[in-house]
Amino acid sequence: MAGDTWYYAQDGRSVGPMSFEDLLKKLPGVGGGEALVYGPSTTGWLEARHIPAIADVLRGAGAPPVPPAARSSDEIDYEIFGQEMQYVEVTLDPEEVVIAEPGAMMYMTSGIQMETLFGDPSNKGGFWSKMMTAGKRALTGESLFITAFANHAQQREHVAFAAPYPGKILPLHLDQLGGELICQKESFICAARGIQINIAFQKRFGVGLFGGEGFIMQRLQGDGIAMVHAGGTLMRRTLTAGEKLRVDTGCLVALAPSVDYDIQFVGGIKNTLFGGEGLFFVTLTGPGDIWLQSLPFSRLAGRVLAAAPERGGGRDEGSVLGGLGRLLDGDNR
């Protein structure tokens, strides 16, 4: 791999480019096999221990294989149904648990028991610790409570969760994504027990003031599966190191922690007043993976409100007669 270009992540930032040999020298000081790296042989950011050539060097020639780390999350099975209005059915083995946002459940079989919990169920601390996690969830726009669905039967049971509006349900295998992902608020649907749902403060104050998704976004951490929802059609893209992409503020669904996230003014009087794209763009700088949605809920809601009769809309907006046509056919509410 000599001559290849590699990067490693440190404190949410990409460090590089560097040669494979230089990467090997840096790894012991930045986490060893658990450090996130990116290079020609990867499709995204991976822990170094998952890349055979690096793992061999880290453990030494002839040394026994490094055992995999103990899994902290339940290993749930799932299946997603539908096209535009999707739902996900989760299959739980005995004593497995899935956590979900209140109101997301569609159906559950007889062996599933539901329990409403305060704050993050992965937090094993006392009352005040749980109060802190609940307060953090409230800051992200989520409920103070979360619902746990446990299989206490002797056979496999099922529970399903529905998308809140047209779009796609995105399964995120955090163990394959470096153990962490940042998502827009209100996108979380459900996750395996053991996933931590926390907050992610953006480093720049301008992001909080004008970012569209707020100063605080959700941080999902763990080694299990989490489900989030994106409106319309979903796009996943891998940004190379230094590659920039400007995105509508509402269209950002999720990003790897290695991706830099900033807000920039659209610029120009005509663009600002008549462009119809808002005042600001999100500027994403690689390396790392990003997920975008084509139909943010705010855009959908705005079109529905604009078409409401109370706002001057109606079913004959395309008519040549417009309001006169609605008057003549009796639709002048």
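The rules behind the values
Residues numbered from 1 in each chain as written. Predicted model: local features only at pLDDT ≥ 70, side-chain atom pairs only at ≥ 80, totals over all residues. Heavy atoms only, no water. Pairing = 2+ DSSP bridges. Helix = DSSP H or I, 4+ residues; strand = E, 2+ residues; numbered from the N terminus. Salt bridge = Lys/Arg side-chain N within 4 Å of Asp/Glu carboxyl O. Buried < 20%, exposed > 50% of the residue type's maximum accessible area, 1.4 Å probe, protein only.

*Asks:* Lay out the sheet that holds strand 3 (residues 36-38) in plain terms, naming residues and giving numbers.
*Replies:* Spatially, four strands are ordered 2-1-3-4 in an open sheet, and the strand pairing comes out antiparallel. Each having just a single partner strand, strand 2 (13-18) and strand 4 (46-47) make up the two edges of the open sheet. Across two bridges, the pairing between strand 3 and strand 4 is antiparallel. Residue L36 lies in a different strand from strand 4, and its bridge partner there is E47.

*Asks:* I'd love a proper account of the pattern of salt bridges, names of residues and values included.
*Replies:* Overall, the coordinates contain seven salt bridges when judged by the stated rule. Among the salt bridges present, the one from R49 reaches E47, with a minimum N-O distance of 2.7 Å. For R49, a relative accessible area of 34% corresponds to the partly exposed category. The salt bridge involving E180 is made with R219; its shortest N-O contact spans 2.2 Å. Pair noted here: E180 is in strand 13 (residues 180-183) and R219 is in strand 16 (residues 216-221), with a separation of 39 residues, a long-range link. We classify E180 as buried; its relative accessible area is 17%. In this structure, a network of salt bridges that share partners links the residues D77, D93 and R156.

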